[in-house]
Each structure stands twice: as C-alpha cells, then as structure tokens.
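Next come the chains, spelled out residue by residue.
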Amino acid sequence: MQLILKFVSPKNIPDMALKFPPFLKAGSKIAIAATARKVSWEEIQPACTFLELNGFMPIIPEGLFSEQNQFAGSDEHRANLLQQLLNDSSIEAILIPRG
C-alpha cells in the first residue's frame, strides 16, 4: 500500500483567503472559560495577575466556578458559557485553563 500525502495550502484551496485577528493591545478584554474540569480562583489568579500586569483586562464570567463532579458545571452550562463569550464582541480573546 502506498501512502500519498497531500499538503493543504491556500494554493490548493480556491477562494480561500487567510484571515488573521487583530493583535491584542493594552486594555484588550481576555475572558477565561472553563470548558472541561472545574477551576478555582486560586488556580486562575496568577494568570489574571499576569494579564493585568501586561495591560490586559481579564474577564471572569459569571458561572466560571460552577461545579458538577470534576467538571466546571454541566455540559450545557459549559457550552452556553463559551458561546456567550464568543458572541460578546467586546471580548478579544478567550483563555481555556484546562483540557
């Protein structure tokens, strides 16, 4: 059996233009969303401090610290929280602390 690899590049895909988001700048809002295992304030506090020291605005959404067994809330809760952040045009980046 012969294995043939075809590399995907913009040249191989017609009508596909690469798009890049704008660079983050001082004051950019960066949200934190736990999409898998639960997190605590003690675990994410160093990241929030780092973001603030570098001029960013960490956003801690309501419900971030929810718990259901080892998860950060139910599947529906985690999906809704992430979708809410994706829909918020003021959020310029989302950090996922786990998995």
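Here is what the cut-offs are and how they apply
- In this numbering scheme, every chain counts its residues from 1 along its sequence in written order.
- Owing to the predicted nature of the model, reporting of local features is limited to residues with pLDDT of at least 70; listing and counting of side-chain atom pairs is limited to 80 or more, with chain, interface and lining totals taken over all residues.
- Side-chain numbers here rest on the full set of heavy atoms in the structure, without hydrogens or water.
- Residues forming no salt bridge and having over 30% relative accessible area are the ones grouped into patches, like charges within 9 Å of each other and nonpolar side chains (Val, Leu, Ile, Met, Phe, Trp, Tyr) within 5 Å.
- Residue exposure ignores everything except the shown protein chains as possible cover, and the areas themselves are Shrake-Rupley values with a 1.4 Å probe.
- The salt bridge criterion pairs a side-chain nitrogen of Lys or Arg with a carboxyl oxygen of Asp or Glu, the two atoms within 4 Å.
- Categorising residues by exposure relies on relative accessible area from a 1.4 Å probe, with only protein chains included: less than 20% of the type maximum marks a residue as buried, more than 50% marks it as exposed, and the intermediate range marks it as partly exposed.
- When DSSP finds two or more bridges between a pair of strands, those strands are recorded as paired.
- A run of DSSP states H or I qualifies as a helix once it reaches four residues; a run of E qualifies as a strand once it reaches two. Both are numbered from the N-terminal end.
- Handedness of a crossover is defined as follows: with both strands directed away from the viewer, a clockwise route from the first strand across the helix to the second makes it right-handed.

Participant: Can you walk me through a nonpolar patch on the surface in this structure?
Facilitator: Taken together, Trp41, Ile60 and Phe65 make up a surface patch of nonpolar side chains, about 260 Å² in accessible area. Judged by relative accessible area, Phe65 falls into the partly exposed class, the value being 35%.

Participant: So what exactly am I meant to see when it comes to the pairing of strand S1 (residues 29–32) here?
Facilitator: When a strand is regular, its side chains alternate between the sheet's two faces. As paired elements, S1 and strand S2 (residues 57–59) share 3 bridges and run parallel to each other. Note on S2: the bridge partner recorded for Lys29 is Met57. In terms of handedness, the path from S1 via helix H1 (residues 41–53) over to S2 forms a crossover that is right-handed. Both S1 and strand S3 (residues 91–95) contribute to a ladder of 4 bridges, which runs parallel. Counted as the bridge partner of Ala31 is Ile94 from S3.

These figures come from the coordinates and say nothing about function on their own.
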